[in-house]
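Chain by chain, the residues run as shown.
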Amino acid sequence: MKKEQEHQPAAFHTLTAEAAIQRLGSRREGLTGQEAEQRQQQYGRNALQEAAGPSLLAKLLAQFKDVMILILLAAAIVSGLLGEWTDSVIILVVVVLNAVLGVIQEYKAEQALSALKEMSTPHARVMREGQARDIKAEELVPGDIVLLEAGNVVPADLRLIESASLKIEEAALTGESVPVEKRTEPLDEADLVIGDRINMAYMTSQISYGRGLGVVTATGGATEVGSIAGFLSQEEDEVTPLQRKLNELGKTFTIIIVAVALVMFTVGLIEGRELFDMLLTSISLAVAAIPEGLPAIVTIILALGVQTMARRKAIIRKLPAVETLGSTDIICSDKTGTLTQNRMTVKEIYAENTLRPSGDDWIRTPAAERLMQVMVLCNDARLAEAAGGQTAGAIGDPTETALIDYALLNGIDKREAERRLPRIAELPFDSDRKRMTTVHQLPAEENGEDGSRCRIMTKGAPDVLTARCTHILRDGRVEPMTEEHLRNIAAANKAMADKALRVLALAYRDAERVPDSLTVDALENDLVFAGLVGMIDPPREEVKEAVRICKLAGIRPVMITGDHGDTAAAIAMELGIIDQEGAVLTGAELSRLDDAEFEAKVEQYSVYARVSPEHKVRIVKAWKKKGRIVAMTGDGVNDAPALKAADIGVGMGITGTDVAKGASDMVLADDNFSTIVLAVEEGRKVYSNIRKTIQYLLSANLGEVVTLFVATMLNWKILFPIHILWVNLVTDTLPALALGFERAEEDLMKQEPRQASASIFAGGIGVSLVYQGLLEALLTLITYYWGHTHYSEDVAITMAFATLGLIQLTHAFNVRSSKQSLFQIGWFTNRKLNFAVIVSGLLIVLVIALPFLRDLFSVVALNREQWLIVVAASLSMIPIVEIVKLFSRRRAVRTNRE
């Protein structure tokens, strides 16, 4: 047993750094290798405890809980007891195949997620015996001294003992999108919330700026992240709409099958037939009524959808979630990284009294070069190098990386600039004064004889920086700052802020030497205003089209972000989520509403700003109480409860935490909102194809039931049990499966989402199923009657057998669309169906054509005339259904006009 760590979050932030180190039995030079090994054995690995997954046997048994499967098992047992071993074996084989397919698909999804986790496994740099070493984060133990720098992921819960301009992005835990400035002094209050413990760093947080040193206070399940993960492992999943529909279908079948069998059995006894014969006939009818292939076919169609989504960067963790996506009508999405590029980008520049777009030709002027020089040198971000010496982009605070990337795009490399003007002193950014200043030695050609001249560069908030500027750079010359200049700067600042841009001011000053004292008054006075830079995290290019498709499809996109309302509104308007009149609800405003008030107003808002984790759960629950199917995206630990609460939890594969992924039904490999829309479209297609398969199978089986029922009532010896079994085996497998490959219909994403409570037979499917099943039975009975009247009973039975099989195959083409004509969608657009029909048709024809099979199936050879009658009866299904579709389309047009 591993010893449980003390999980007292209030303890360490109230201690001094030295006291925390002593309490953990450590030292600044780190633990020894032996100490680390002992603590590893004592506390276990630094990894979140995953809920124990079900065993292989449990997964397999879970596949047999479905009502349909239980009915099939009962039918197999009864068939076996009555000596119908062939029926029994066939049913059992299909049931086992369905279970194996389900287990295989779950395994594939788990493997895909494991691969994602492996890709994002973090490392840590620690002090061991006075030496810095790189180790896997899971090898950390309490008492380890961890080195932190920009770009790192915090590998465990830490008490910070050193901090140099350290800022940590804690959105994964607190929902606060702005990096938190960290300090090392002890705090007085013991019961502070996580976001206020500024001398602590928590597992899965991101270092966005600066560097630091921390001592590990908790690992694995004892961390703040671990406590949330433990809570989530106790949550139970809800039943999905597809599971509910198939259960309802199974119950309906049970009632119908029992009722029909009882009627036949009773009528037969009244007519004086033998008890055993009627019992066998009733059971045969019941077996014929059950679509043995339906559970397996549904599973396979879902699996096909999963594979398609995986190719489109959406990994499905739970198979029925594919169908649930198809009924989604609300998509609640994070802004940063999902709707936007998660990369701050320079959009506008104000300099020389003019506001310009970032791509303007002005950037080639000397004044622009000076502005970009300040951008890259008064900046702690750095350019990383990829393999081969190629530049891989900037690393550091998002705002600073945007400045470096913009300058690099315009020919100014930070590394070269630093070689020409090396940094010799600095005043780090401070949240109180809202500025940062660096001092650089000027190159020889700009320096004095003693080489002591320097350039002081400052960036910060426009209002505070302009107050320290006495001059302005204009037309390549330095001029005194005037009131008019200040008004113009303020107007430009407001214009950019109104567009939700984050605005920075940049200034500089050349000095004869570095000031003796590096103070604010010595460095940040008499500055020359160089310009303003407006930045924003821009929307993804493809998201605007995805939002348009959502609205066309009756799906409402909802933005939920921790950013300010103005920024959220600007991005939402650009994407088309809201218009000019669109309202934004802040987290503070939401907190003032009770649940009843919010539920009454939830439909008024499509943008939520400055929200907390509990707000996300409230938003999801409010929409669900409106009867909506809700998809929710999330990447942080704090998002996990909302992901669980949603009908479809969507985790982020790139930026998402393991806890968020584990709470999700689907994981986006590219963190892209448009991928969700593609998944919704695929989900709709999958559900549509499942309904087509159900329509095909049930209409075929209804045709068989009615044929047998009527024949029994008329005392016709029309079909033998082996005929029914063979027709079911041939027609219920390949053609039904091929329907799962049917392409999405053209208007699929122009339809309103279906109601979660809607029957699987809604939209005319039930009516079509019934009349088409009755039509199949009628044509089969007519063919039998014709053969019995004009030929012999053996010929009539053979013609009925052939007609019943072939008519089901031709009917597969009818169900490809419930509205469109077969001639519109094309006969050869689903080649897999064409192949399936040809193969299945040959299997029926060969039974009649080959002598040894004729004897086995108790049929006789048919002549040309008899085959023509069979083919004519089989093909007549298509024109009849086409005529019905035509009238249905005309009625729909009239209804729309009215």
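Every value quoted in this text rests on a predicted model; they were computed, and no experiment measured them.

Scoring rules and cut-offs
- Residues numbered from 1 in each chain as written.
- Predicted model: local features only at pLDDT ≥ 70, side-chain atom pairs only at ≥ 80, totals over all residues.
- Heavy atoms only, no water.
- Helix = DSSP H or I, 4+ residues; strand = E, 2+ residues; numbered from the N terminus.
- Buried < 20%, exposed > 50% of the residue type's maximum accessible area, 1.4 Å probe, protein only.
- Contact = heavy atoms within 4.5 Å.
- Pairing = 2+ DSSP bridges.
- Axes fitted to C-alpha atoms, helices over the stretch in contact; angles between N-to-C directions.
- Salt bridge = Lys/Arg side-chain N within 4 Å of Asp/Glu carboxyl O.
- pLDDT = per-residue confidence, 0-100.
- Patch = residues over 30% accessible without salt bridge, like charges linked within 9 Å, V, L, I, M, F, W, Y side chains within 5 Å.
- Areas by Shrake-Rupley, 256 points an atom, 1.4 Å probe, with all protein chains shown as cover.
- Phe/Tyr/Trp six-rings, centres within 6.5 Å; stacked < 30°, edge-to-face > 60°.
- Lys NZ or Arg CZ within 6 Å of the ring centre and 35° of its normal.
- Core = buried A, V, L, I, M, F, W, Y, C linked by side-chain atoms within 4.5 Å.
- Expected span 1.5 Å × (residues − 1).

Right, let's get into the overall build of the chain. Within the chain, the secondary structure is distributed over 35 helices and 26 strands. Here the chain holds 898 residues, and the buried ones make up 52% of them. Of all intrachain contacts in the chain linking residues separated by at least 6 positions in sequence, the fraction that spans at least 24 positions is 72%.

What follows is about the sheet that holds strand E22 (residues 584-586). Strand order in the open sheet made by the eight strands is E8-E26-E25-E24-E9-E21-E23-E22, with mixed pairing throughout. The open sheet has two free edges, formed respectively by strand E8 (314-316) and E22, since each of these has just one partner strand. Recorded for the sheet is a direction-independent mean angle of 20° between the axes of neighbouring strands. Pairing analysis gives three bridges linking E8 to strand E26 (residues 666-668), with the strands arranged antiparallel.

All told, the structure shown has 32 salt bridges when counted by the stated rule. Here Glu445 makes a salt bridge to Arg420, at a shortest N to O gap of 3.0 Å. In this pair, Glu445 sits in the loop between strand E15 (435-441) and strand E16 (454-460) while Arg420 sits in helix H15 (residues 414-420), placing the two residues 25 residues apart along the sequence. With a shortest N-O distance of 2.7 Å, Glu545 and Arg548 are connected by a salt bridge. With a gap of three residues between them, Glu545 and Arg548 both fall in helix H19 (residues 543-552), about one helical turn apart. A relative accessible area of 46% places Arg548 in the partly exposed class. When salt bridges that share partners are traced, they join Glu18, Arg28 and Glu162 into one network.

Looking now at the confidence of the model for the chain. Overall, the predicted model of the chain reaches an average pLDDT of 82, with 84% of residues at or above 70. Segment residues 115-121 is flagged for pLDDT under 50; beyond a separation of four residues in sequence, or across chains, it makes eight contacts in the model. In the model, residues 233-238 has pLDDT below 50 throughout and makes seven contacts with residues more than four positions away in sequence or in other chains.

For strand E20 (residues 527-536), a buried count of ten out of ten residues is recorded, marking the element as mostly surrounded by other parts of the structure. Relative to E20, strand E10 (residues 345-351) runs antiparallel, the two sharing five bridges. What sits directly across from Tyr350, in E20, is Leu532. Sheet topology places strand E17 (residues 469-474) next to E20; three bridges connect them, and they run parallel. Bridging from a neighbouring strand, Cys469 pairs with Leu527 of E20. As judged from the seven bridges shared by strand E19 (residues 502-511) and E20, these two strands associate in the antiparallel manner. Across the sheet, Val503 pairs through a bridge with Gly534, a residue of E20.

Now for a nonpolar patch on the surface. On the surface, a nonpolar cluster with roughly 420 Å² of combined accessible area is contributed by Leu57, Leu60, Leu61, Val96 and Val100. Taken together, the elements giving at least two residues each to the nonpolar patch come down to helix H4 (56-62) and helix H6 (85-119). Sort the elements by how many residues they give to the nonpolar patch and H4 lands first, with three residues. Here Leu60 lies in helix H4.

Each pair of aromatic rings is reported with the distance of its centres and the angle of its planes. On inspection of all chains with the given rule, the structure shows eight aromatic pairs. Look at Trp716 and Tyr784: their rings are 5.3 Å apart centre to centre, the planes differ by 35°, and that puts the pair in the tilted class. With Trp716 in the loop between helix H26 (673-713) and helix H27 (721-731) and Tyr784 in helix H29 (residues 765-790), this residue pair connects regions lying 68 residues apart in the sequence. According to the relative accessible area criterion, Tyr784 is buried, its value standing at 2%. When the centroid spacing of 5.5 Å and the interplanar angle of 45° are considered together, the rings of Phe813 and Trp827 count as tilted. Of this pair, Phe813 sits in helix H30 (residues 793-814) while Trp827 sits in the loop between helix H31 (822-825) and helix H32 (831-849); the two residues are 14 residues apart in sequence, bridging distant segments of the chain. Given a relative accessible area of 31%, Trp827 falls into the partly exposed group. One cation-aromatic arrangement involves Lys832 over Phe741; the distance from NZ or CZ to the ring centre is 4.8 Å.

Counting residues in each nonpolar core, the largest one holds 111 residues, and the members touching the most others are Phe529, Leu532, Ile577 and Phe673. With 14 residues, the single largest contributor to this core is H26. In contact with Ile577, not counting residues within four places along its chain, are Leu339, Val547, Lys551, Pro557, Met559, Ala572, Ser606 and Val607. In this structure, Ala367, Met436, Met457 and Met535 belong to the second largest nonpolar core, which totals 31 residues.

Here we take up the environment of Gly531. Along the chain, Gly531 turns up in strand E20. Judged by its relative accessible area of 0%, Gly531 falls in the buried class. Considered as a pair, Gly531 and Ala367 are 164 residues apart in the sequence and their alpha carbons are 9.4 Å apart. Excluding residues within four positions of it along the chain, Gly531 makes contact with Tyr350, Ala351, Leu371, Leu504, Ala505 and Leu506.

Since the α-helix packs 3.6 residues into each turn, any two residues three or four apart lie on the same face. The first and last C-alpha atoms of H26 sit 59 Å apart over 41 residues, in line with the 60 Å expected at 1.5 Å per residue. Among the 41 residues of H26, 35 are classified as buried, and the element is accordingly described as predominantly covered. Looking one or two places after H26, you find Asn715, whose phi comes out positive at around 60°.

Once that is clear, we can look at the environment of Ala872. Residue position: Ala872 is located in helix H34 (residues 864-875). The exposure class of Ala872 is partly exposed, given its relative accessible area of 46%. Along the chain, Ala872 and Thr783 lie 89 residues apart, while their C-alpha atoms are 9.9 Å from each other.

What follows deals with unusual backbone geometry. For Glu129, which is not a glycine, the phi torsion comes out positive at approximately 55°. As for its position among the elements, Glu129 is in the loop between strand E1 (123-128) and strand E2 (131-136). Positive phi, normally seen in glycine, also occurs at Asp526, with a value near 55°. Tracing the chain through its elements places Asp526 in the loop between helix H18 (520-523) and E20.

Let us now look at the pairing of strand E21 (residues 556-560). Taking burial as the measure, the five residues of E21 include four buried ones, the bulk of the element. With two bridges joining them, E21 and strand E23 (residues 607-609) adopt parallel strand pairing. Bridge pairing in E23 links Ile560 to Tyr608.

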